[in-house]
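Structure assessment
The lines below spell out each chain.
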Amino acid sequence: PSVPRQGPVVEEVRALFAAVNEAERSGKGTSRVHFVTDGAGYEKKEWKRVPSAGATSQSLIKAEVLRIDRRVRKAVIYLSSPSGDWANTTEYFFYEGGGTAFRFETHVTYRGYDFEHDRDLPPGPYVIEQRDYFATNGDVVRSLTKAFRKVSLEAIRLADLQRIETPRYRAVKDLPFAALLQ
């Protein structure tokens, strides 16, 4: 589903996105914090802070937070299946006040089937991307979703692909590990 484009807010979010990514590339005034959950499975788990990205390598659910000048400006949450048949990465970019400005979810899966025509799809992997732009008051002002074959970029019907539902956090304070950010 697409929400109509709201020019000034979308442009403000794009500028914020570019500034956060540039600060991340330069490393100036930035710090990172890493988190993992306490075991396998996807039901509600306890998050814990770990000293480095290396300490997250075996976890199916992990996150990384980027601070710029001590403010959380980006969080990336990674989910994956034990079998490796899907992986999900959701990036959040935050306004200075802590509200979500932009959410970019990428779901990569090998699971797809053309149910409408009862046939297999061309070989995967397949990618589902969702971009959500938020105004400072938390309203979604633009939402874009597309699905495609990763190798050829050929469009695929979204309904034909396996997809997991992930939470949509509206602010830093809503992140499942927010209490550990202090």
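Residues numbered from 1 in each chain as written. Predicted model: local features only at pLDDT ≥ 70, side-chain atom pairs only at ≥ 80, totals over all residues. Heavy atoms only, no water.

Secondary structure summary: the chain contains one helix and eight strands in total. In the chain, the succession of α and β elements from N to C terminus is α-β-β-β-β-β-β-β-β. By the compact-globule yardstick of 16 Å for 182 residues, the chain fits well, its C-alpha radius of gyration being 17 Å. With the C-alpha coordinates aligned to their principal axes, the bounding extent of the chain is approximately 55 × 45 × 30 Å. Put simply, 50% of the contacts in the chain that link residues at least 6 apart link residues at least 24 apart. When the accessible surface of the chain is split by element, carbon and sulfur atoms take 52% of a total near 10000 Å². Side chains of the chain carry 28 positive and 24 negative charges; the gap between the two charge centres is 5 Å. (Helix = DSSP H or I, 4+ residues; strand = E, 2+ residues; numbered from the N terminus. Rg over C-alpha atoms; globule rule 2.2 N^0.38 Å. Contact = heavy atoms within 4.5 Å. Areas by Shrake-Rupley, 256 points an atom, 1.4 Å probe, with all protein chains shown as cover. Lys, Arg positive; Asp, Glu negative; His and termini not counted. Charge placed at Lys NZ, Arg CZ, Asp CG, Glu CD.)

For the structure shown, the criterion picks out 16 salt bridges. Between glutamate 64 and arginine 32 there is a salt bridge, with its nearest N and O atoms 3.1 Å apart. With glutamate 64 in strand 3 (residues 61-68) and arginine 32 in strand 1 (residues 30-37), this pair connects stretches of sequence that are 32 residues apart. Residue arginine 32 is classed as partly exposed on the basis of its relative accessible area, which comes to 39%. Where glutamate 96 meets arginine 73, a salt bridge forms, and the shortest distance between an N and an O atom there is 4.0 Å. One end of the pair, glutamate 96, is in the loop between strand 5 (86-94) and strand 6 (100-109); the other, arginine 73, is in strand 4 (residues 71-80), with 23 residues separating them in the sequence. Through salt bridges with shared partners, a single ionic network connects Glu24, Arg32, Glu64, Lys74 and Glu91. (Salt bridge = Lys/Arg side-chain N within 4 Å of Asp/Glu carboxyl O. Buried < 20%, exposed > 50% of the residue type's maximum accessible area, 1.4 Å probe, protein only.)

What follows concerns the pairing of strand 3. Where burial is concerned, most of strand 3 is hidden: eight out of the eight residues are buried. Residues Ile61, Ala63, Val65 and Arg67 point to one face of strand 3 and Lys62, Glu64, Leu66 and Ile68 to the other, with burial holding for every one of them. Sheet topology note: the strand 1/strand 3 ladder contains seven bridges and is antiparallel. Paired with arginine 32 across the two strands is leucine 66, which belongs to strand 3. Pairing between strand 3 and strand 4: eight bridges, direction antiparallel. (Pairing = 2+ DSSP bridges.)

Bringing the packing of aromatic side chains into the picture now. Counted under the stated rule, the structure contains nine aromatic pairs. Seen from their ring centres, phenylalanine 17 and phenylalanine 93 are 4.8 Å apart, and the 55 degrees between their planes marks the pair as tilted. Residue phenylalanine 17 is located in helix 1 (residues 7-26), and its partner phenylalanine 93 is located in strand 5; the two are separated by 76 residues in the primary sequence. Judged by relative accessible area, phenylalanine 17 falls into the partly exposed class, the value being 31%. Through pairs of rings, three or more aromatic residues link up here, namely Phe17, Phe93, Phe102, Phe104 and Tyr133. (Phe/Tyr/Trp six-rings, centres within 6.5 Å; stacked < 30°, edge-to-face > 60°.)

Before going further, it helps to examine the pairing of strand 1. The pairing of strand 1 with strand 2 (residues 47-50) spans four bridges and is antiparallel. Paired with threonine 37 across the bridge in strand 2 is tryptophan 47.

Let's shift gears to the nonpolar core. With 21 residues, the main nonpolar core has Phe35, Val65, Ile77, Phe94, Leu175 and Phe177 as its most contacted residues. Listing elements by their share of this core, those giving two or more residues are strand 1, strand 3, strand 4 and strand 5. Residue contributions to this core peak at four residues, all from strand 4. If we ignore the near neighbours within four places in the chain, the residues touching phenylalanine 35 are Trp47, Lys48, Arg49, Val50, Thr56, Lys62, Ala63, Val65, Phe177, Leu180 and Leu181. Judged by nonpolar contacts, the second largest core, of 15 residues, contains Val20, Leu66, Ile68 and Phe93. (Core = buried A, V, L, I, M, F, W, Y, C linked by side-chain atoms within 4.5 Å.)

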